[in-house]
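Per-entry structural report
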Amino acid sequence: MERYEVSYGEAPELRLNWFCPEEALGALPVVVWIHGGAWISGYKEDVDPYLRMIASQGYTAVSLDYSKAPEEKYPTALKQLNEALAFLSANATEFNIDPGRFVLAGDSAGAQLAAQLATLSTSPIYAKQLDITAGLAKDQLAALVLHCGIFDVSDIPNSPRIAGWGSRAALWSYLGDRDWSKTPGASQMSVINHVTKDFPTSFISGGNGDALTESQSLPFADRLTELGVAVTTHFPSDDAHELPHEYQFHMEYAESPKALAAAIHFLDRVTV
């Protein structure tokens, strides 16, 4: 499957990779993936192999790059990604996209950004608070796929061990304040406090060896369920391995292909 690279903004890093099945006839649902990297690292190419597998199942798939900290601070990346969604919507025909079947997806910090973008599209109060016009309308969002995400940054100061230290350092860099937990940006990033009943149906997953599963993914799934949002969870328990952060990309684990299959099954169901 051929990959195409396209600019979606003026800055050189604002580019996307686009995958579409060669036999595609007409518009397809699109999975727009935002890569992780703690808001300070990572590239769209990191998820290309995964998106090739998704696109082979009958989807248009897009991976996005965005500016990272410390060179750019919050909310620059959020605004850029929002502009990318507007660009894809405006050029849907060119990209073999059904503009009414967008799926936002992401891993780790990318899952946080995807959830924040979905909240922006589904909560006028939140959009007003951020002073950002959503790039996608609520009825364009079919679903979300969220792996190993962060949805409540207020819990990060309590995170143990090196992973907690790394997240705190990354948020200092991203939010531009050593006392980042008290900034308006930190509050806005904690989408668990801003989601509404209009949030799209979501697939949420995390590994049994990832501290973020218990502290972030499970509480976020519970909060959406409380609001009446349809949630599909995939939290595998592997007796042979502790499945780490970003386990879904490591196909050497028996559970990782199962997670991909579960996500594809979810996509097939919600994008009909």
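Criteria and thresholds
- Residues numbered from 1 in each chain as written.
- Predicted model: local features only at pLDDT ≥ 70, side-chain atom pairs only at ≥ 80, totals over all residues.
- Heavy atoms only, no water.
- Pairing = 2+ DSSP bridges.
- Helix = DSSP H or I, 4+ residues; strand = E, 2+ residues; numbered from the N terminus.
- Axes fitted to C-alpha atoms, helices over the stretch in contact; angles between N-to-C directions.
- Contact = heavy atoms within 4.5 Å.
- Buried < 20%, exposed > 50% of the residue type's maximum accessible area, 1.4 Å probe, protein only.
- Lys, Arg positive; Asp, Glu negative; His and termini not counted.
- Salt bridge = Lys/Arg side-chain N within 4 Å of Asp/Glu carboxyl O.

The next subject is the sheet that holds strand β2 (residues 15–19). What the 8 strands build is an open sheet, ordered β1-β2-β4-β3-β5-β6-β7-β8; its pairing is mixed. Looking at which strands have only one partner, the edges of the open sheet turn out to be β1 (3–7) and β8 (231–234). Averaged over all adjacent pairs, the angle separating strand axes in this sheet is 20 degrees, with direction ignored. Here strand β3 (residues 28–34) runs beside strand β4 (residues 60–64); their pairing, made up of 5 bridges, is parallel. By the bridge assignment for β4, V31 is matched with A61. Most of the contacts of helix α8 (residues 255–270) go to strand β6 (residues 141–147), to which it runs at about 170 degrees, and overall it touches β3, β5 (97–107), β6, β7 (202–205) and β8.

Where β3 meets β5, 6 bridges bridge the pair, whose relative direction is parallel. Following the sheet pairing, V32 is matched in β5 by L104. In terms of strand pairing, β5 meets β6 through 6 bridges, oriented parallel. When the bridges of β6 are listed, D107 appears paired with H147.

Attention now goes to unusual backbone geometry. Of note, the amide linkage connecting A69 to P70 takes the cis form, showing an omega dihedral of 5 degrees. With respect to the element layout, P70 can be found in the loop between β4 and α2 (76–90). The step from Y74 to P75 runs through a cis peptide bond, and the omega angle for that step is 10 degrees. Structurally, the position occupied by P75 is in the loop between β4 and α2. Positioned with a positive phi, C148 is a non-glycine residue whose angle comes to about 55 degrees. As for its position among the elements, C148 is in the loop between β6 and α5 (161–175). Here the phi dihedral of E246 falls at roughly 70 degrees; this positive angle occurs in a residue that is not glycine.

Right, let's talk about the side chain of D152 for a bit. Positionally, D152 belongs in the loop between β6 and α5. The charged side chain of D152 is buried without a salt bridge, its nearest counter-charge being R223 at 10 Å. When near neighbours in sequence (up to four residues on either side) are disregarded, D152 contacts S190, I192 and Q216.

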